Amino acid sequence: QQQVRQSSQSLTVWEGETAILNCSYENSAFDYFPWYQQFPGEGPALLIAIRSVSDKKEDGRFTIFFNKREKNLSLHIKDSQPGDSATYFCAASASSGSWQLIFGSGTQLTVMP
Amino acid sequence: AQTIHQWPVAEIKAVGSPLSLGCTIKGKSSPNLYWYWQATGGTLQQLFYSITVGQVESVVQLNLSASRPKDDQFILSTEKLLLSHSGFYLCAWSNRGRSAETLYFGSGTRLTVL
């Protein structure tokens with residue numbers, strides 16, 4: 001049973017376009033949703049995160065849109081650059097004493113110059 | 001600044017041989033510590049977590065064990081490797097707290113079991 005789902009295994013966009021990566025979850029107890037960026041051969045790094053009390057979080061070119069009722073969220077990468085080509089993981093955790101951060105299967109983003 | 005160091009960077013081992021991977025966190029007192037496993041091109045599967053020295057909780061059973069002998073050290077081991085143990089092992093830390101939120105990952109150990 002996949003608790004966190006990422007609908008696209010891969011996504012290709014052109015430089016300058018907005019890349020949209022989607023994620024959904026099942027557990028209503030999840031209230032913290034980070035996105036991680038991973039380059040080949042490296043550990044993942046936190047990109048941006050949102051709590052369930054918010055419906056939007058923006059940081060530079062990266063924006064998370066969150067829909068609690070539908071249990072889904074999306075990461076928008078504005079003005080995509082070739083250097084953004086990486087695998088992006090959606091993750092979720094519950095703040096009530098859970099030490100598990102559960103990851104989706106990842107979306108491999110390729111930005112074509 | 002906090003730093004996380006994993007060793008070794010890569011290992012090639014035979015099926016049935018023992019394994020020990022390590023992780024050290026510097027510049028952070030009493031962090032929560034985690035081990036994750038990642039198959040090539042796959043998701044990150046949490047294996048263990050520890051919120052204090054000497055205490056480790058298992059999340060999934062993969063014939064692996066973990067120990068936290070010091071506040072800043074986390075060890076992953078097994079006495080007998082399986083082919084299915086191949087993959088990328090990642091150690092991570094988070095601030096001491098009631099839950100796993102922002103995790104900071106090391107650069108990983110690539111394990112190949114032949």
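Just so you know, these numbers come straight off a predicted model, no measurement behind them. (Residues numbered from 1 in each chain as written. Chains lettered and ligands numbered in written order. Predicted model: local features only at pLDDT ≥ 70, side-chain atom pairs only at ≥ 80, totals over all residues. Heavy atoms only, no water.)

Asks: So what exactly am I meant to see when it comes to the overall build of chain A here?
Replies: In terms of helices and strands, chain A carries 0 helices and 11 strands. Taken from N to C terminus, the helices and strands of chain A fall in the order β-β-β-β-β-β-β-β-β-β-β. Dimensions of chain A, computed from the C-alpha atoms along their principal axes, are close to 45 × 30 × 20 Å. Out of the 113 residues belonging to chain A, those deemed buried represent 44%. Counting contacts in chain A only where the partners sit at least 6 residues apart, residues at least 24 apart contribute 54% of the total. For chain A, the separation between the mean place of its 9 positive charges and that of its 11 negative charges on side chains is 9 Å. (Helix = DSSP H or I, 4+ residues; strand = E, 2+ residues; numbered from the N terminus. Buried < 20%, exposed > 50% of the residue type's maximum accessible area, 1.4 Å probe, protein only. Contact = heavy atoms within 4.5 Å. Lys, Arg positive; Asp, Glu negative; His and termini not counted. Charge placed at Lys NZ, Arg CZ, Asp CG, Glu CD.)

Asks: How do you make sense of the sheet that holds strand S8 (residues 73–78) of chain B when you look at a structure like this?
Replies: Across a sheet, strands are paired by hydrogen bonds formed along the backbone, either parallel or antiparallel in direction. Residues and elements named next belong to chain B. Reading across the sheet, the 4 strands line up as S1-S3-S8-S7 and stay open at both edges, with antiparallel pairing between neighbours. Each having just a single partner strand, strand S1 (3–7) and strand S7 (65–70) make up the two edges of the open sheet. Between one strand axis and the next, the sheet turns by 20° as a mean value, whatever way the strands run. (Pairing = 2+ DSSP bridges. Axes fitted to C-alpha atoms, helices over the stretch in contact; angles between N-to-C directions.)

Asks: How do you make sense of the state of the cysteines when you look at a structure like this?
Replies: Cysteine pairs can be covalently joined through their sulfur atoms, and such a bond is termed a disulfide. If you walk through the whole model with that rule in mind, you get 2 disulfides over all chains. One disulfide in the model links Cys23(A) with Cys90(A); its S-S distance is 2.0 Å. Judged by the sign of its S-S torsion, about -70°, the bond between Cys23(A) and Cys90(A) is left-handed. Residue Cys23(A) is located in strand S3 (residues 19–25), and its partner Cys90(A) is located in strand S9 (residues 86–92); the two are separated by 67 residues in the primary sequence. The residues Cys23(A) and Cys90(A) share a single accessibility class, namely buried. Sulfur-sulfur distance for the disulfide between Cys23(B) and Cys91(B) comes to 1.9 Å. (Disulfide = S-S within 2.5 Å.)

Asks: When you look at the sheet that holds S3(A) in this model, what are you seeing that I'm missing?
Replies: Residues and elements named next belong to chain A. Strand order in the open sheet made by the 5 strands is S1-S3-S8-S7-S6, with antiparallel pairing throughout. A strand with exactly one partner marks an edge of an open sheet, and here the two such strands are strand S1 (4–5) and strand S6 (56–59). Direction of pairing for S6 relative to strand S7 (residues 62–67): antiparallel, over a ladder of 4 bridges. By the bridge assignment, glutamate 58 is partnered in S7 with threonine 63.

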